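What follows is each chain in one-letter form.
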Amino acid sequence: MSEPLRAEPTEPNLIDAPGTDEAAWRGWPGLHAPATVDPADWKSVVIVAAHPDDEILGVGGTIALLVAAGARLRLVAVTDGEKSHPGLDAAATAALATRRVAETAAALDRLGAAGTEVVRLGMPDTGLGVREADLARALDEVMAGFDVALAPWTGDAHADHEAAGRAAASTAAAADGTRLLHYPIWAWHWARPADPRLPWDTAVQVPLPASAAARKRAAIECFGSQLEPRGPALDPVLPPDIVAHFIREQEVLFR
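Numbering of residues starts from 1 in each chain and follows the order in which that chain's sequence is written. Only residues with pLDDT of 70 or above have their local features reported here, since the model is predicted, and side-chain atom pairs are shown and tallied only from 80 upward, although totals for entire chains, interfaces and linings are computed over all residues. Computation of side-chain values: all heavy atoms of the structure, hydrogens and water removed.

Trainee: So, the nonpolar core: which residues are in play, and what are the values?
Mentor: Put simply, a nonpolar core is a bunch of buried Ala, Val, Leu, Ile, Met, Phe, Trp, Tyr and Cys residues held in one set by side-chain atoms that sit within 4.5 Å of each other. The buried label applies to any residue whose accessible area, calculated with a 1.4 Å probe on protein chains only, is under 20% of its type's maximum; exposed applies above 50%, and partly exposed to all values in between. Counting 55 residues, the largest nonpolar core has W42, I47, L150, W190 and L253 as the members making the most contacts within it. Under the scheme used here, helices are H or I runs from DSSP no shorter than 4 residues and strands are E runs no shorter than 2 residues, and both carry numbers assigned from the N terminus. Residue contributions to this core peak at six residues, all from helix α3 (residues 54-69). In what follows, a contact means two residues having at least one pair of non-hydrogen atoms within 4.5 Å. Beyond its immediate stretch of four places on either side in the chain, W42 contacts V37, T62, L66, A71, V148, L150, R179, L181 and L253. Counting 22 residues, the second largest nonpolar core, distinct from the first, contains L128, A136, L139 and A172.

This is the structure:
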């Protein structure tokens, strides 16, 4: 994730407002209603992440399952997440980017995915909305040849997530045989059970065995820059109530 206020979300109040408690999601029968998909059937998968940690939060458990199944994996890190902490000078911003890249490497290791090929595009954090065409051109090359692509959901109410999702969708549509699935992130905060703004009719789920769920929890813990307060007056990007949405025994994707 990246700092939402600076990310120019499509509807700012969705992310800034108080969110839905995870207990409400867990108590909704519809959360477990989507059809099940088995990542073991996917031979090669490219994961597009707008920011470091997006791929872990959205599909970290799926990544662990793909590693166990021997799939070919490529992570496309679109930005280095350097704007998650507002008000930093150039040197501190660069140091934050370096830290976030290292956190991703540590998280992949905890998933058992240290051997994942990582392609870093180095595009500007919070600036993907105006670089979407450039991003789509870059994805044309790095997504080519993969059976499945996983990318942020285009309705997530975060401009970077939406731009990355749209660029991946246009690339997959032009490719021959690439299946695209979108993973929501901020939607679990601002949406509510049975929310008509989410495309539940396209949803599928990946159930996570206890071992994969545990690996995902351990991977999330690697992102100290997002879990710790960002200063005396700034809360973490990922406080416990947000993290709670991502430590379920399943991951939901939209087709």
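Back to the text.
Trainee: Give a detailed account of helix α5 (residues 132-142), specifying residues and quantitative values.
Mentor: Where α5 is concerned, the buried positions are L135, A136, L139 and V142. Looking straight down α5, one finds its buried side chains confined to an arc of 125°; they lie on one side. For α5, exposure combined with an orientation more than 90 degrees from the buried face picks out R137 and E141. On its buried face, α5 sits against β2 (44-49), β3 (72-77), β4 (117-120) and α6 (159-174). The reported arc concerns the directions from the helix axis to the C-beta atoms and nothing else.

Trainee: Which residues make up the environment of I56, and what values do they have?
Mentor: Mapped onto the elements, I56 comes out in helix α3. Remark: the alpha-carbon pair of I56 and S44, spanning 12 residues in sequence, is separated by 18 Å. If we skip the residues at most four places from it in the chain, I56 touches A107, L108, L111, K216, A219, I220 and F223.

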